[in-house]
Amino acid sequence: MPLTLLPAVDVRDGKAVRLRQGESGSETDYGSPLEAARTWVESGAQWIHLVDLDAAFGTGDNRAQLRAIVQELGDKVNIEMSGGVRDDASLESALEAGAARVNIGTAALENPDWTASVIEKYGDRVAVGLDVRGHTLAARGWVKEGGDLFETMAFLDSVGCSRYVVTDVARDGMMSGPNIDLLREVVERTNAKVTASGGISKLDDLRNIKRLAELGVDSAILGKSLYARAFTLEEALEVSR
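Residues numbered from 1 in each chain as written. Predicted model: local features only at pLDDT ≥ 70, side-chain atom pairs only at ≥ 80, totals over all residues. Heavy atoms only, no water.

### Topic: helix 1 (residues 33–42)
Then, in step 1: If you check which residues of helix 1 are buried, you get P33, A36, A37, W40 and V41. Buried residues of helix 1, viewed axially, fall in a sector of 135 degrees; they line one side.
Then, in step 2: Elements in contact with the buried residues of helix 1: strand 1 (4–12), strand 2 (15–18), strand 4 (47–52), helix 3 (63–73), helix 10 (224–227) and helix 11 (233–240).
Then, in step 3: Where helix 1 begins, one side-chain oxygen reaches toward the backbone nitrogen of L34, 3.3 Å away; that side chain belongs to S32.
Then, in step 4: Positive backbone phi, approximately 110 degrees, marks G44, located one or two places after helix 1. (Buried < 20%, exposed > 50% of the residue type's maximum accessible area, 1.4 Å probe, protein only. Helix = DSSP H or I, 4+ residues; strand = E, 2+ residues; numbered from the N terminus. Arc of directions from axis to C-beta. Contact = heavy atoms within 4.5 Å. Polar contact = N/O pair within 3.5 Å; in protein donor to acceptor, adjacent residues only side chain to side chain.)

### What about the pattern of salt bridges?
Side chains that carry opposite charge are capable of pairing whenever their charged atoms lie near each other.
Then, in step 1: Applying the stated criterion to the full structure yields 9 salt bridges.
Then, in step 2: Across the salt bridge formed by D10 and R18, the nearest N and O atoms sit 3.0 Å from each other.
Then, in step 3: In this structure D10 comes out as buried when scored by relative accessible area, which is 9%.
Then, in step 4: Between E238 and R241 there is a salt bridge, with the nearest N and O atoms lying 3.1 Å from each other.
Then, in step 5: Look at R241 and you get exposed, because its relative accessible area is 60%.
Then, in step 6: One continuous salt-bridge network, built from bridges that share partners, spans E35, R38 and E72. (Salt bridge = Lys/Arg side-chain N within 4 Å of Asp/Glu carboxyl O.)

### Observations concerning the packing of helix 1 against helix 3
Then, in step 1: In contact at an axis separation of 10 Å, helix 1 and helix 3 are set at 30 degrees when each is read in the N-to-C sense. Considered as vectors, helix 1 and helix 3 are oriented roughly parallel to each other. The element helix 1 and its partner helix 3 pack so that their crossing is right-handed. Facing helix 1, whose interface residues are P33, L34, A37, R38 and V41, helix 3 presents Q65, I69, E72 and L73.
Then, in step 2: Considered class by class, the residues forming the contact of helix 1 with helix 3 number 6 nonpolar, 1 polar and 2 charged. (Axes fitted to C-alpha atoms, helices over the stretch in contact; angles between N-to-C directions. Parallel < 35°, antiparallel > 145°, perpendicular 65-115°, else oblique. Left-handed = near helix turned anticlockwise from the far one by under 90°. Nonpolar A, V, L, I, M, F, W, Y, C, P; charged D, E, K, R; others polar.)

### A closer look at the side chain of D205
Then, in step 1: Relative to the helices and strands, D205 resides in helix 9 (residues 203–210).
Then, in step 2: Discounting residues that sit within four places of it in the chain, D205 has contacts with G177, P178, G199 and I200.

Any link to function would need more than the numbers given here.
Shown next, in the form of structure tokens:
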């Protein structure tokens, strides 16, 4: 089965950046977010994972810039928006901007009733990001603990969540390989689709994730590996087919 790849464009203070282990202040600057997104589209991406880090950390937002990216590229590529989506206004703003799918993270942990209502309303246009340390969820900006992973998943499954974006916080931006055991544990406990995120550093990592495709890990987010030129998006797309 093919694996869908989502090159990431993380935006902080108007620039495309990468973080280490999701920590605010650890960013490396890679210039214009629109240029980065354009590059991935020209290289053959069918999806882009667009993150507003300021909104996620509560240090402002880059909404206008994200909207400009969607307006220019939204007819050429599917855009998944993430970062700071925790109420009706922020969710509707992302969907109105033209996002094909929106990730909700912290909000899913802090306001389960709201999360259930938007999953019911928007179906597979809403995914839930599960940021994990061990089997414990990390909440807002990854600085707070958010409860047990599998208890949270049991609730989200019960309200019809169709997709989880699973990030091992310890590996994110560290180029240390994805947590295949965690991905397998998650996908074996749910009928929802799973997007792998964090730690991918070589093409063999993608091959390992692809082995879980028939279980339901159908996509992977690529960040640091592309920006650090560990491999090209074209090479990754070839492996993912």
